[in-house]
Amino acid sequence: MSPTHCRPVPLSKAYRLLNHGPTVLVSAAHNGQRNIMAAAWAMPLDFEPPKVAVVLDKATWTRQLLEGAGTFVLQVPCAAQADLVQTVGNTTGSETDKFAAYGVQAFKGEHTEAPLLEGCVAWLECRLLPEPHNQQTYDLFLGEVVAAYADDRVFSDGRWHFEGHDELRTLHHVAGGHFLTIGQPIDGRQL
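Now for a quick tour of the structure. (Residues numbered from 1 in each chain as written. Predicted model: local features only at pLDDT ≥ 70, side-chain atom pairs only at ≥ 80, totals over all residues. Heavy atoms only, no water.)

Next up on the list: the pattern of salt bridges. Note that side chains of opposite charge can pair when their charged atoms are close. Counted according to the given criterion, the structure contains 8 salt bridges. Connected through salt bridges with shared partners, the residues Lys 58, Arg 63, Glu 67 and Asp 139 form a single ionic network. (Salt bridge = Lys/Arg side-chain N within 4 Å of Asp/Glu carboxyl O.)

Set out below in structure tokens:
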């Protein structure tokens, strides 16, 4: 390798090179039970209709509720919620009602029973697109976005704009409870 600063990364840490997209909170509700969890591995998949992917470990309670309900919500938390994101990401909803235990305030969406967490900067209500092989083999869940909402203080006209709202900057998990927040905007130009 010729670049001066190019160094090998252990393959077990290679995911960290790409895994700094926004952390999401995944919520689901089924048969009168609800839960919310943090997930760092989520991404958009398509434009029309909009689709998303999220990885949910087999051991999570949210996954069980999502599979039962066939719907879920991805929400984008902000810097002001870092402690809550860390907490709900490290406790199990099968043993603890996270909403009651941590004072999580939620509101109802229009298309799912899954709760939408107050204080986030974006919410995507989703219908599960069943892919049993991907779900069982890779813990990968696909969803069609049936409704999307954003905090207009930091998202309007199809763009994020965080100036003057540092507490609302999106969180980006980079492992071990460490987060980055989104930085200043830079507009590229055609060369």
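Continuing now.
Considering the arrangement of structural elements, one finds Gln 33 in strand β2 (residues 33-39). Sequence separation between Gln 33 and Leu 65 is 32 residues, and the spatial gap between their C-alpha atoms is 7.7 Å. Other than its neighbours up to four places away in sequence, Gln 33 contacts Ala 28, Trp 61 and Leu 65. (Helix = DSSP H or I, 4+ residues; strand = E, 2+ residues; numbered from the N terminus. Contact = heavy atoms within 4.5 Å.)

With 4 bridges connecting them, strand β3 (residues 42-46) and strand β4 (residues 51-55) associate as antiparallel partners. From the neighbouring strand, Met 43 faces β4, where its bridge partner is Ala 53. Connecting β3 to the antiparallel partner β4 that follows it, the hairpin turn spans 4 residues. (Pairing = 2+ DSSP bridges.)

Val 26, Val 54, Leu 56, Leu 66, Phe 72 and Leu 74 are the most contacted members of the largest nonpolar core, which has 17 residues in total. Those elements that provide at least two residues to this core are β1 (24-30), β2, β4, α1 (61-69), β5 (71-76), β8 (122-129) and β9 (140-150). In this structure Val 26 touches Asn 35, Ile 36, Met 37, Ala 39, Val 54, Leu 56, Thr 62, Phe 72, Val 73, Leu 74 and Gln 75, once residues within four positions along its chain are discounted. Residues Val 85, Val 88, Val 104 and Leu 117 belong to the second largest nonpolar core, which totals 14 residues. (Core = buried A, V, L, I, M, F, W, Y, C linked by side-chain atoms within 4.5 Å. Buried < 20%, exposed > 50% of the residue type's maximum accessible area, 1.4 Å probe, protein only.)

Buried residues of α1: Trp 61, Thr 62, Arg 63, Leu 65 and Leu 66, and no others. Contact partners of the buried residues in α1: β1, β2, β5, β8, α4 (132-138) and β9. Among the residues of α1, the N-terminal cap falls to Thr 60, whose side-chain oxygen and the backbone nitrogen of Arg 63 are separated by 3.4 Å. Note on α1: the residue one or two positions beyond its end, Gly 70, has a positive phi of about 80°. (Polar contact = N/O pair within 3.5 Å; in protein donor to acceptor, adjacent residues only side chain to side chain.)

Another aspect to go through is the side chain of Gln 75. As for its position among the elements, Gln 75 is in strand β5. Taking relative accessible area as the criterion, Gln 75 reaches 0% and is therefore assigned buried. With sequence-adjacent residues up to four places away left out, Gln 75 is seen in contact with Thr 23, Val 24, Leu 25, Val 26, Ser 27, Ile 36, Pro 115, Leu 116, Leu 117, Cys 120, Ala 122 and Trp 123.

A separate point is the pairing of β4. Judged from the 5 bridges that link them, β4 and β9 form a sheet pairing that is antiparallel. By the bridge assignment for β9, Val 52 is matched with Gly 143.

Our next topic: the sheet that holds β5. Neighbouring strands of a sheet are bound in pairs by backbone hydrogen bonds; such pairs are parallel or else antiparallel. Taking strand neighbours across the sheet as the criterion, the 7 strands line up as β2-β1-β5-β8-β9-β4-β3 in an open arrangement whose pairing is antiparallel. The open sheet has two edge strands, β2 and β3, and neither has a second partner. The average undirected angle you get between the axes of adjacent strands in this sheet is 35°. Inspection of the sheet shows β8 paired to β9 by 8 bridges, in the antiparallel sense. (Axes fitted to C-alpha atoms, helices over the stretch in contact; angles between N-to-C directions.)

Quick look at the packing of aromatic side chains now. Each pair of aromatic rings is reported with the distance of its centres and the angle of its planes. Taken as a whole and assessed by the stated rule, the structure comprises 3 aromatic pairs. Pairing Phe 155 with Trp 160 gives two aromatic rings, centres 5.0 Å apart and planes at 70°, and the pair type is edge-to-face. The partly exposed category is assigned to Phe 155, whose relative accessible area is 26%. Overall, the relative accessible area of 35% leaves Trp 160 in the partly exposed class. Every member of this aromatic cluster is reached through a ring pair, and the members are Phe 155, Trp 160 and Phe 162. Lying over the aromatic face of Phe 99, Arg 34 brings its terminal NZ or CZ to 4.0 Å of the ring centre. (Phe/Tyr/Trp six-rings, centres within 6.5 Å; stacked < 30°, edge-to-face > 60°. Lys NZ or Arg CZ within 6 Å of the ring centre and 35° of its normal.)

Purely geometric stuff here, so don't read any function into it on its own.
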